[in-house]
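Spelled out from the first residue to the last, the chains are:
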Amino acid sequence: MIINVGGVVDISLLFSMSDRVPALATPSAMHPESWQLGAQVETWARGRGLVLGDPDTSPLGRARCERLAARIFPSADLAAVELFARWLTWTLALDDPLDPPPLADSGSAVHALYDDLLRAMRRGHARPGARPLEGALVELWQATSKGMSRDWRRRFMLHLEAHRDGCAEESVNRRIRHVPTEKEFPPLRRRACGPFLYDLVEPVLGVELPGRLLRTPRWKTLADGIADVVAWSNDLASHDLEAARGDNHDLPAVLARAQGVDAEQAAAAVADRIADRLEEAWTAARRLPEMLDRLELTVAQRSAAAQVVKALLATPRAHLDWLAESGRYEPPAGPGPLRLDALASLR
């Protein structure tokens, strides 16, 4: 049985957390070329057919993905930050058709869409007359993968497939009216939140992490923890919009059903989980030097790990700041509840 949990979940709860969560206390920095970046990304999105007409009339056009990229990577090479912003734009363009039918409640339709995209990546070119998503993905993949190893490319592809599977599972849940349990939800949400986006931190920074580091429990706690924090923050911000359309794939809805509480109580529980999960991620990060010693990583590998960790730890606050300036989820008729997105709204 589906239970739609009503009530308003105030988005200010996300920002009030900065007073009690040290990791969220300091506003994120901004790349000095962010305005130039915005113009370049908009031109690219228009040229690839992802944004049509007045950008202010579409959720994708109002998203301002370059602002999130500029906050996560405030000192990276501008061309690399632009590449990440293009990936964010493409990801949101993919996200848009996943909410309404036929993809919203058809796992097979999700697989069919994704199969076309993955085949184009492997083939190296889009089909004649293919949707803009396909051509843009091929371009992005060629620009990103050329400097990365076979292991990294395989990891990225596996995370794309995980995203496909997560979105398809959510679609099936909607069709059969199944609300995930507290145990089922976190790994499902993580898959449906675009895990491939976190792989892009490495090519943006011009580094690559050794596989043996990525397989350690400590690194997994860090990486999964940051992904969960971003995803659950998104869920907290988007709950009212999703409840209005009968979608229960957000943590407030899951907790409300499992614990028999109202929306406000569920939101408070989500905020507590965000704070706890973020502390787990930071604890894992603080203990990484000991792990690096045991793995006997080179100086270059240690430097790469430090750079990636810094970007990951900066992401939750950057995401909150981006929410305040993005218009992706403003209702067409006027201002309304905002919704966190980009690294975490894929469903």
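### Details of the overall build of the protein
Regarding its fold elements, the protein presents 16 helices and zero strands. For 347 residues, the compact-globule estimate of 2.2 N^0.38 gives 20 Å, and the protein sits close to it at 19 Å. C-alpha extents for the protein along the principal axes are approximately 50 × 50 × 35 Å. Excluding contacts between residues fewer than 6 apart, the proportion of contacts in the protein whose partners are at least 24 apart in sequence is 77%.

### Section: the environment of aspartate 54
When you line up the elements, aspartate 54 lands in the loop between helix H2 (34-47) and helix H3 (65-72). Taking C-alpha positions, aspartate 54 is 49 Å from valine 299, a pair spaced 245 residues apart along the chain.

### With respect to helix H6 (residues 132-145)
Taking 1.5 Å per residue, 14 residues should reach 20 Å; H6 reaches 20 Å between its end C-alpha atoms and fits that length. Looking at H6, one finds that the buried residues are Leu133, Glu134, Ala136, Leu137, Val138, Leu140, Trp141, Thr144 and Ser145. Of the surrounding secondary structure, the elements contacted by the buried residues of H6 are H2, helix H4 (78-95), helix H5 (107-123), helix H7 (150-176) and helix H10 (201-205).

### What to know about the nonpolar core
Of all hydrophobic cores here, the largest spans 103 residues; its most connected members are Phe73, Trp87, Trp90, Phe156, Leu213, Trp219 and Leu222. Sorting elements by how many residues they give to this core places H4 first, with 12 residues. In this view, tryptophan 219 contacts Leu209, Leu213, Leu214, Leu288, Ala305, Val308, Val309 and Leu312; residues no more than four positions away in its chain are not counted.

### Structural notes on the packing of helix H12 (residues 217-244) against helix H14 (residues 263-286)
At a minimum axis separation of 8 Å, H12 and H14 run at an interaxial angle of 155°. The angle between H12 and H14 places the two elements in the roughly antiparallel class. Considering only the axes of H12 and H14, their crossing is left-handed. Taken together, the residues of H14 that come into contact with H12 (itself represented by Arg218, Thr221, Leu222, Asp224, Gly225, Ile226, Asp228, Val229, Trp232, Ser233, Leu236 and His239) are Ala263, Ala267, Val270, Arg273, Ile274, Arg277, Leu278, Glu280, Ala281, Ala284 and Ala285. Considered class by class, the residues forming the contact of H12 with H14 number 13 nonpolar, four polar and six charged.

### With respect to H12
The α-helix winds at 3.6 residues per turn, so residues separated by three or four positions along the chain end up facing the same way. Taking 1.5 Å per residue as the helical rise, H12 with its 28 residues ought to reach 40 Å, and the 38 Å between its terminal C-alpha atoms agrees with that figure. Maximal helix bending in H12 amounts to about 60°, located at serine 238. When you tally the buried positions in H12, you get 21 out of 28 residues, the bulk of the element. Note on H12: the residue one or two positions beyond its end, glycine 246, has a positive phi of about 80°.

### So, the state of the cysteines
Scanning the model with the defined rule gives zero disulfides in all. Of all cysteine sulfurs in the structure, the one in cysteine 193 sits closest to cysteine 167, which takes part in no disulfide; the separation is 8.7 Å. Note on cysteine 167: relative accessible area 1%, which makes it buried.

### Details of the packing of aromatic side chains
Scanning all chains against the criterion turns up eight aromatic pairs. Aromatic pair phenylalanine 73 and phenylalanine 84: ring centres 5.1 Å apart, planes at 80°, arrangement edge-to-face. In this pair, phenylalanine 73 is assigned in the loop between H3 and H4 and phenylalanine 84 in helix H4, connecting sequence segments 11 residues apart. For phenylalanine 73, a relative accessible area of 3% corresponds to the buried category. The class for phenylalanine 84 is buried, based on a relative accessible area of 2%. Linked through ring pairs, Trp87, Trp90, Trp141, Trp152, Phe156 and Phe196 together constitute an aromatic cluster. Its end group placed over the ring of tryptophan 35, arginine 67 keeps NZ or CZ at 4.6 Å from the ring centre.

The rules we used
Residues numbered from 1 in each chain as written. Predicted model: local features only at pLDDT ≥ 70, side-chain atom pairs only at ≥ 80, totals over all residues. Heavy atoms only, no water. Helix = DSSP H or I, 4+ residues; strand = E, 2+ residues; numbered from the N terminus. Rg over C-alpha atoms; globule rule 2.2 N^0.38 Å. Contact = heavy atoms within 4.5 Å. Expected span 1.5 Å × (residues − 1). Buried < 20%, exposed > 50% of the residue type's maximum accessible area, 1.4 Å probe, protein only. Core = buried A, V, L, I, M, F, W, Y, C linked by side-chain atoms within 4.5 Å. Axes fitted to C-alpha atoms, helices over the stretch in contact; angles between N-to-C directions. Parallel < 35°, antiparallel > 145°, perpendicular 65-115°, else oblique. Left-handed = near helix turned anticlockwise from the far one by under 90°. Nonpolar A, V, L, I, M, F, W, Y, C, P; charged D, E, K, R; others polar. Bend = angle between axes of the 7 residues up to and from the residue. Disulfide = S-S within 2.5 Å. Phe/Tyr/Trp six-rings, centres within 6.5 Å; stacked < 30°, edge-to-face > 60°. Lys NZ or Arg CZ within 6 Å of the ring centre and 35° of its normal.

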